Amino acid sequence: MNREIIDINDCTILLEEASTNTTLVDSCFFDEPVIAIAFYGAGDVGLNVKYNEKTKTFHHTKGMVLSFYADEKVEFEHLVSSQKPLQCLVIATSLRNLDKLPNGEGQFLEQFLHQLVHPKDHYVEGPVFKMSPEMFLLVEQFFSNTYEGGIKMMFYKSHMTALLSHYFGQLASQQSTKINVEQLEKINLAQELLLSDLENPPSLTELAHKIGTNTNTLKKEFKAQFGVPVFKYLQNERLNKAHNLIKKERTTIQEAAWAVGYDSLGSFSNAFEKKFGYRPSQV
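Residues numbered from 1 in each chain as written. Predicted model: local features only at pLDDT ≥ 70, side-chain atom pairs only at ≥ 80, totals over all residues. Heavy atoms only, no water.

Named according to an unreviewed UniProt entry, the protein chain is AraC-like DNA-binding protein originating from Meridianimaribacter flavus.

Next comes the structure, spelled out in structure tokens:
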């Protein structure tokens, strides 16, 4: 488990990353009431939120943005396994600091997350949605930067501001566009079905049938939600898993290719190089 806490202005950034060959349960609490936004990156950890003898469960967190209010009585439990690593970035601020935030964040929190600024329970959940490609890239950069000292702090400040700008921009867009909740649930189910069987995924027709829609709607709504077509998303997930197998689990390149559904080692290597910029043998 790697955990880094960075205080910037009146916000706190929490970076958590963990992987394991077995299973790992990581629990955390906040030591005072906070409003927070959690961005889940390349991992796909399970999450349980526990409070007042209630439990809210999230099974597929990769790419998820979760906003919430929580006090000291709320437990956040991450369920880490070999297939579900943790990569989570949390930006949090206490209620007492809302008026001190330097870039108008307090105003946007009041405007878009009113229920969190005026909580009525130990845990109050705000909007939950998938990150845009721009947000996902920013989150990845938090975990891959190698700067030190003052330059590192400059990096964190600029990227935190950029990430929050995209976040509030997406909330503003959602407010101006009526969200079809039923359709969103179907597209999220399609994502879960793809992730559950990367080696032998369903065809586009089979996937559309399983979620109760047609192929044209599936293609259109999936790209709108995740920023890429269905099978581009599938290819990215396959290659990310293969990269993890080679780097962290020390499998051979052939074994990694087979594990994610590639029969041709040449096709796998070419796709891998196109995505990451280097051959699998260089991992």
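Tallying secondary structure elements over the protein chain gives 10 helices and 10 strands in all. For a compact globule of 283 residues, the expected C-alpha radius of gyration is about 19 Å, and the protein chain comes in at 20 Å, within 12% of that figure. Each principal axis of the C-alpha distribution contributes one length, and for the protein chain these read about 60 × 45 × 35 Å. Counting across all 283 residues of the protein chain, residues that qualify as buried make up 46%. Long-range pairs, those at least 24 residues apart, make up 70% of the contacts in the protein chain with a sequence separation of at least 6. By element, 49% of the accessible surface of the protein chain is carried by carbon and sulfur atoms, the whole surface being about 14,400 Å². Between the centroid of the 28 positive side chains of the protein chain and the centroid of its 34 negative side chains there is a distance of 6 Å. (Helix = DSSP H or I, 4+ residues; strand = E, 2+ residues; numbered from the N terminus. Rg over C-alpha atoms; globule rule 2.2 N^0.38 Å. Buried < 20%, exposed > 50% of the residue type's maximum accessible area, 1.4 Å probe, protein only. Contact = heavy atoms within 4.5 Å. Areas by Shrake-Rupley, 256 points an atom, 1.4 Å probe, with all protein chains shown as cover. Lys, Arg positive; Asp, Glu negative; His and termini not counted. Charge placed at Lys NZ, Arg CZ, Asp CG, Glu CD.)

All right, on to unusual backbone geometry then. Although it is not a glycine, Asn9 adopts a positive phi angle of roughly 55 degrees. With respect to the helices and strands, Asn9 occurs in the loop between strand E1 (2-8) and strand E2 (11-18). Phi at Arg250 is positive, roughly 60 degrees, even though this residue is not glycine. Here Arg250 lies in the loop between helix H8 (230-248) and helix H9 (253-259). Its relative accessible area of 68% is what places Arg250 among the exposed residues.

Attention now moves to the confidence of the model for the protein chain. When the pLDDT values of the protein chain are averaged, the result is 88; 98% of them are 70 or greater. The least confident element of the protein chain is helix H5 (residues 181-196), whose mean pLDDT is 83; the most confident is strand E4 (residues 34-40), at 96. (pLDDT = per-residue confidence, 0-100.)

As annotated in UniProt, the feature "domain: HTH araC/xylS-type" (unreviewed entry) corresponds to residues 188-283 in the numbering used here. Segment residues 188-283 splits into 70% helix and 0% strand. End C-alpha atoms: 31 Å apart. (UniProt positions renumbered as here; feature names shortened; annotations may be inferred.)

This part is about the environment of Asn200. Structurally, the position occupied by Asn200 is in the loop between H5 and helix H6 (204-211). By relative accessible area, Asn200 is classed as exposed at 52%. The sequence separation of Asn200 and Gln87 amounts to 113 residues, and the corresponding C-alpha distance is 26 Å.

What follows is about the layout of surface pockets. The computed volume of the largest pocket comes to approximately 1,500 Å³. Contributing to the lining of the largest pocket are 43 residues, with Ala42, Gly43, Lys62, Glu140 and Asn240 lying nearest its centre. Within the residue set of the lining of the largest pocket, elements represented by two or more residues are E2, strand E9 (86-94), helix H3 (133-144), H5, H8 and helix H10 (265-276). No other element matches the 10 residues that H8 contributes to the lining of the largest pocket. Looking at the lining of the largest pocket residue by residue, the class counts come to 17 nonpolar, 14 polar and 12 charged. (1 Å grid on protein atoms, 1.4 Å probe; cavity = no way out; pocket = protein on both sides within 12 Å on 5 of 7 lines; lining within 4 Å. Points joined across faces, edges and corners; volume = space filled by probe spheres on them. Nonpolar A, V, L, I, M, F, W, Y, C, P; charged D, E, K, R; others polar.)

Under the counting rule described, the total for this entry stands at two cavities of 30 Å³ or more. When its volume is computed, the largest cavity comes out at roughly 90 Å³. Considering the residues around the largest cavity, the lining is formed by Cys11, Ile35, Ala36, Ile37, Ile91, Ala92, Thr93, Leu101, Glu105, Leu109, Leu164 and Phe168. Of all the secondary-structure elements, those providing two or more residues to the lining of the largest cavity are E4, E9, helix H1 (105-112) and helix H4 (149-176). Looking at the lining of the largest cavity residue by residue, the classes come out as 10 nonpolar, one polar and one charged. Quantified by volume, the second largest cavity comes out at close to 80 Å³. Around the second largest cavity, the lining residues are Leu14, Glu16, Cys28, Phe30, Ala38, Tyr40, Leu66, Phe68, Phe76, His78, Cys88 and Val90. Grouping the amino acids of the lining of the second largest cavity by side-chain chemistry returns 10 nonpolar, one polar and one charged.

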